[in-house]
Amino acid sequence: MSDTSPRLVAFDLDDTLAPSKTAIDPRIGDLLLALAERVEVAIISGGQLQQFRTQVIDRLPETSDEILSHFHLMPTCGTQYYRLTSDGIETVYARSLTDDEKTRALTAVREEAERLGLWEAEPWGDILEDRGSQITFSALGQKAPLDAKMAWDPTGEKKNSLREAVAARIPDLEVRSGGSTSVDITHQGIDKAYGMNQLVEATGIPLDDMLFVGDRLDPDGNDYPVLAMGVECHAVHGWEDTAAYLDALIPTLPARA
């Protein structure tokens, strides 16, 4: 960073701020508000807005509109961007796939999952989801329990094989390994680095003054593009790691002028 303190701290959501698809712990809520008193706070995830709402926004402690105004929500890796206002969640932009792109993506991922033996006969909820700007394949279904998701593909081999097969079918679209059981499809060039660049445009804060916190900064992880673009990153293994890191970081940050 260009000086000792970041002006914006961005977070992955699942397995960074909370276990996959579950609500944040009250401790994380308190820490996010304390952070927002000092710097801009962004959340960038492959998940959709409803996830952000139920996992984070609805669980934040009572606070002022001024503090909430420093939150930046970037679902589907930044293809959608929302701010918190006194009237609720305000859309800044949403860049959706076309109907043709959605149809081709849905067809390709279903057919390749079936061919590879990765289509679950009895999933927990929908396997395929249209998130507007992103098509998401969730191998065990959107509502699968955490223990089943963690056990499904511990090495990432299944997800990576599916990602490669689908990418070959739809070369005009981006196909990425997402969460523990998911593959995401978006417009080309859409990953968390894209979301970070959108934050630069929106806030005027350069990448050198940003910090990213995530659990998948390994080369196959969906947080890796942020590390690869040169943003300072901090790797965590679960929300407890994140909480401990913020406990140490927040007292070092100057109060907002």
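A short tour of the structure in this document, coming up. Predicted model, so just to flag it, every value in this text is computed and none were measured.

Now for the pattern of salt bridges. For the coordinates displayed, the defined rule picks out 16 salt bridges. Between R176 and D184 there is a salt bridge; the shortest N-O distance is 3.9 Å. Among the residues examined, R176 registers a relative accessible area of 9% and is labelled buried. In the salt-bridge network here, residues are joined through shared partners; they are E111, E112, R115 and R169.

Attention now goes to the sheet that holds strand β5 (residues 88–94). The strand order across the open sheet formed by seven strands is β5-β4-β3-β2-β1-β10-β11, and the pairing between neighbours is mixed. A strand with exactly one partner marks an edge of an open sheet, and here the two such strands are β5 and β11 (232–235). Neighbouring strand axes in the sheet, compared pairwise and without regard to direction, differ in orientation by 25 degrees on average. Across four bridges, strand β1 (residues 8–11) lies against strand β2 (residues 40–44) in parallel orientation.

Our next topic: helix α6 (residues 157–169). The periodicity of an α-helix, 3.6 residues per turn, causes residues three or four positions apart to be oriented the same way. Helix length check: α6, at 13 residues, gives a terminal C-alpha distance of 19 Å against a target of 18 Å (1.5 Å per residue), a fit within 8%. At its buried positions, α6 is contacted by α4 (99–115), β7 (135–138), α5 (146–152), β8 (173–177) and β9 (182–187).

Spatially, four strands are ordered β6-β7-β9-β8 in an open sheet, and the strand pairing comes out antiparallel. Sheet topology places β6 (128–130) and β8 at the edges, where each strand pairs with a single neighbour. Going across the sheet, the axis of each strand differs from the next one's by a mean of 20 degrees, ignoring polarity. Across five bridges, the pairing between β8 and β9 is antiparallel. Counted as the bridge partner of L173 is H187 from β9. Relative to the sheet, α4 contacts β6, β7, β8 and β9, its axis offset from that of β7 by approximately 15 degrees. Along the sheet, α6 contacts β7, β8 and β9; its crossing angle with β8, the most-contacted strand, is approximately 175 degrees.

A few words on the pairing of strand β10 (residues 210–214). The buried fraction of β10 amounts to five of the five residues, a majority that puts the element mostly inside the structure. Alternating positions in β10 separate into two faces, M210, F212 and G214 on one and L211 and V213 on the other, with burial throughout. Note that β1 and β10 share four bridges and pair parallel. The residue of β10 that forms the bridge with A10 is F212. Bridging between β10 and β11 involves four bridges; their strand directions are parallel. Along β11, the bridge assignment pairs V213 with H234.

Below, the discussion takes up the nonpolar core. Ranked by size, the top nonpolar core spans 36 residues in total, and within it F11, L32, L35, L60 and F71 carry the most contacts. Here this core gets six residues from one element, more than from any other, and that element is helix α1 (residues 26–36). L35 has contacts with V9, F11, V41, L246, I250 and L253, leaving out every residue within four places of it along the chain. Of all hydrophobic cores here, the second largest spans 21 residues; its members include I127, I170, L173 and I185.

Taken together, D65, E66, D87 and E90 make up a surface patch of like negative charges. Counting through the fold element by element, D87 comes out in the loop between β4 (80–85) and β5. Taking relative accessible area as the criterion, D87 reaches 77% and is therefore assigned exposed.

Our focus in this paragraph is the packing of aromatic side chains. A full pass over the atoms with the stated rule returns two aromatic pairs. Between W119 and F137 the ring centres are 6.3 Å apart and the planes differ by 45 degrees, which places this aromatic pair in the tilted class. Residue W119 is located in the loop between α4 and β6, and its partner F137 is located in strand β7; the two are separated by 18 residues in the primary sequence. Here W119 falls in the partly exposed class, since its relative accessible area comes to 23%. Sitting over the face of the ring of Y93, R95 holds its NZ or CZ atom 3.7 Å from the ring centroid.

Cut-offs applied
Residues numbered from 1 in each chain as written. Predicted model: local features only at pLDDT ≥ 70, side-chain atom pairs only at ≥ 80, totals over all residues. Heavy atoms only, no water. Salt bridge = Lys/Arg side-chain N within 4 Å of Asp/Glu carboxyl O. Buried < 20%, exposed > 50% of the residue type's maximum accessible area, 1.4 Å probe, protein only. Pairing = 2+ DSSP bridges. Helix = DSSP H or I, 4+ residues; strand = E, 2+ residues; numbered from the N terminus. Axes fitted to C-alpha atoms, helices over the stretch in contact; angles between N-to-C directions. Expected span 1.5 Å × (residues − 1). Contact = heavy atoms within 4.5 Å. Core = buried A, V, L, I, M, F, W, Y, C linked by side-chain atoms within 4.5 Å. Patch = residues over 30% accessible without salt bridge, like charges linked within 9 Å, V, L, I, M, F, W, Y side chains within 5 Å. Areas by Shrake-Rupley, 256 points an atom, 1.4 Å probe, with all protein chains shown as cover. Lys, Arg positive; Asp, Glu negative; His and termini not counted. Charge placed at Lys NZ, Arg CZ, Asp CG, Glu CD. Phe/Tyr/Trp six-rings, centres within 6.5 Å; stacked < 30°, edge-to-face > 60°. Lys NZ or Arg CZ within 6 Å of the ring centre and 35° of its normal.

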